[in-house]
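In case you want the letters, here they are:
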Amino acid sequence: MASSTQPADVIALSKLTCLLLPKEHTNLLESKSIWSADETHEKFSLAERILHLDPVEVNIFQGITLPDAPKFGKVFGGQFIGQALAAASKTVDCLKIVHSLHAYFLLIGDFNMPITYQVHRVRDGKSFATRRVEAIQNGNVVFTLLASFQKEEGGFNHQVAEMPSVPNPEELLSMEELRERRIIDPRLPRTYRNKVASREYVPWPIEIRFCEHNTSTNQTKSPPSLRYWFRAKGKLSDDQALHRCVAAYTSDLIFLQVSLNPHREKGLKSASVSLDHSMWFHRPFRADDWVLYINSPSAHGARGFVSGQMFTRNGELIVSLTQEGLLRRARSPVSAAKPKL
Ligand SMILES: CCCCCCCCCCCC(=O)SCCNC(=O)CCNC(=O)[C@H](O)C(C)(C)COP(=O)(O)OP(=O)(O)OC[C@H]1O[C@@H](n2cnc3c(N)ncnc32)[C@H](O)[C@@H]1OP(=O)(O)O
C-alpha cells in the first residue's frame, strides 16, 4: 500500500484506525437494500418478477399481480407476504436482514388491481430494525405485516430439529409429471381423473417435489402432514433478502390445505383462506436450491392451524413457521370468495 498510489475515500476514522476504500469499490457503500434496485426484466425468474415493486414515494411501493402469477381466484396470500416483505426490506439498511415476520390477511385481494404497500419505519436500532407494512387496495387495508430485521451477529449455535430422511429431489416426480400420471392412474376414481384433466393448469413459479408417493385425492382422507422439496424455477439474484422473500411467498402455497386431509370425503367442498402467518428465519439459504418443507397441522373451531419447518439439503434448519386459517365446509351453492373492495 505504501509503495503504490491509488485514489481512495476515507470512510471511517477513529483514534486507532483509518479505513480506506479504493474508488472502484465505492459501490459497496451504496445502501441498495434489495435486489435489482428498481428494475424488472424478462430474464429474471418468474418468482423474482412477481415480487418486483415500483417505488411510488418515500416508504410507498406498488406491486401488481402478473398475468402468469398463481391467483386461486384472489390475490394469493404468499404474494402479499412476499411483496410486503420486499417493500419493508427496501427501507432497511442492507446489512440488516429479516429474521421474523407476522402477518394478517384482512380482506380478499383483487388481482385486477395494483396493490399499494405503505411502509412504516417503526424503529431503527443499532442491531435491529422494525417495519410495519400495510397493503392497500381501493382505500382499504387488505393485509398487514410486521417484520424485524437484524445485523449479522455471532452467537450460540445449536439445532435440535433433525431433517427427516427423505428421497433426494432428483429421485422424485415434478408436479407436472405427477399430474400426467394422475390423469391415467386406473387406481384413482374416473371422476377425479377427469377433473384433473379438465382443470386449467397454470405452472407455478416454484418447482415442487412431494416426498411421499401419494395416491389420495381431494375426496379421500389422509394424514394431516406433508413433506416436499421446493425451489424457485430459474436462477434468483444473489441477495439474501430476495431468497427470504421467495421462501415467504412459497410458504403459503401448500400449507393450510394439509389441515383438511383427515376430513376429505366425496363431495366435500370447503371454504378456506389464510388468516395469519408467522415466520422465523434462522440461517441463510438460497431459495433457488432445494429446500425441504415439512408441516404437521391441527384443526378446531373452523380454524386450521399449521406449523412447518424448512431445511437445506445439508439438514440445516433455516425457517420455522406457523399459520392459522379459516376452514369451513362451503355453504351450498359455493360462493366464490370475492374481493370486498
Ligand atoms: C397440491 C396442489 C394444491 C394447490 C392448492 C393451492 C392453494 C393455494 C392456497 C392459497 C391460500 C390463499 O392465498 S388464501 C388468501 C389469503 N387470505 C385471504 O385473502 C383472507 C382475507 N380475509 C378475509 O377474507 C376475512 O378476514 C375473513 C373472511 C377471513 C373474515 O371476515 P369476516 O367478515 O369476519 O368473515 P365471515 O363473516 O365469517 O364470512 C365472510 C364471508 O364468507 C361467507 N361465508 C361464511 N361461511 C361460509 C361458508 N361456510 N361457505 C361459503 N361462504 C361462507 C360469509 O357469508 C361472508 O360473505 P358475505 O356475506 O360477506 O358476502
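Residues numbered from 1 in each chain as written. Predicted model: local features only at pLDDT ≥ 70, side-chain atom pairs only at ≥ 80, totals over all residues. Heavy atoms only, no water.

Draft legend 1. Fine view of the confidence of the model for the chain. In this model, the chain carries a mean pLDDT of 89, and residues with pLDDT of at least 70 account for 86%. Interface predicted TM-score (ipTM) for the complex: 0.90; the corresponding pTM is 0.87. (pLDDT = per-residue confidence, 0-100.)

Draft legend 2. Spotlight on the site of the ligand. Close contacts around the ligand come from 22 residues, with Gly 77, Leu 106, Arg 329, Arg 331 and Lys 340 the closest. Measuring from a nitrogen atom of the ligand, one finds a backbone N or O atom of Phe 105 at 3.3 Å. Take Ser 274: an N or O atom from its main chain is 3.1 Å from a nitrogen atom of the ligand. In the complex, 63% of the free accessible area of the ligand, which totals 1,300 Å², lies under the protein chains. Of all the secondary-structure elements, those providing two or more residues to the shell around the ligand are strand 11 (270-281) and strand 15 (317-329). Of all the elements, strand 11 adds the most residues to the shell around the ligand, at four residues. A per-class count over the shell around the ligand returns 12 nonpolar, four polar and six charged. (Near = heavy atom within 4 Å. Polar contact = N/O pair within 3.5 Å; in protein donor to acceptor, adjacent residues only side chain to side chain. Areas by Shrake-Rupley, 256 points an atom, 1.4 Å probe, with all protein chains shown as cover. Helix = DSSP H or I, 4+ residues; strand = E, 2+ residues; numbered from the N terminus. Nonpolar A, V, L, I, M, F, W, Y, C, P; charged D, E, K, R; others polar.)

Draft legend 3. Representation of empty space enclosed by the protein within the structure. What the rule picks out here adds up to one cavity of 30 Å³ or more. Estimates place the volume of the largest cavity at around 40 Å³. Considering the residues around the largest cavity, the lining is formed by Ser 174, Met 175, Glu 176, Tyr 201, Trp 204, Ile 206, Glu 207, Ile 208 and Lys 233. Broken down by secondary-structure element, the contributors of at least two residues to the lining of the largest cavity are helix 3 (175-184) and strand 9 (206-210). For the lining of the largest cavity, the element with the highest residue contribution is strand 9, accounting for three residues. Looking at side-chain class alone, the lining of the largest cavity contains five nonpolar, one polar and three charged residues. (1 Å grid on protein atoms, 1.4 Å probe; cavity = no way out; pocket = protein on both sides within 12 Å on 5 of 7 lines; lining within 4 Å. Points joined across faces, edges and corners; volume = space filled by probe spheres on them.)

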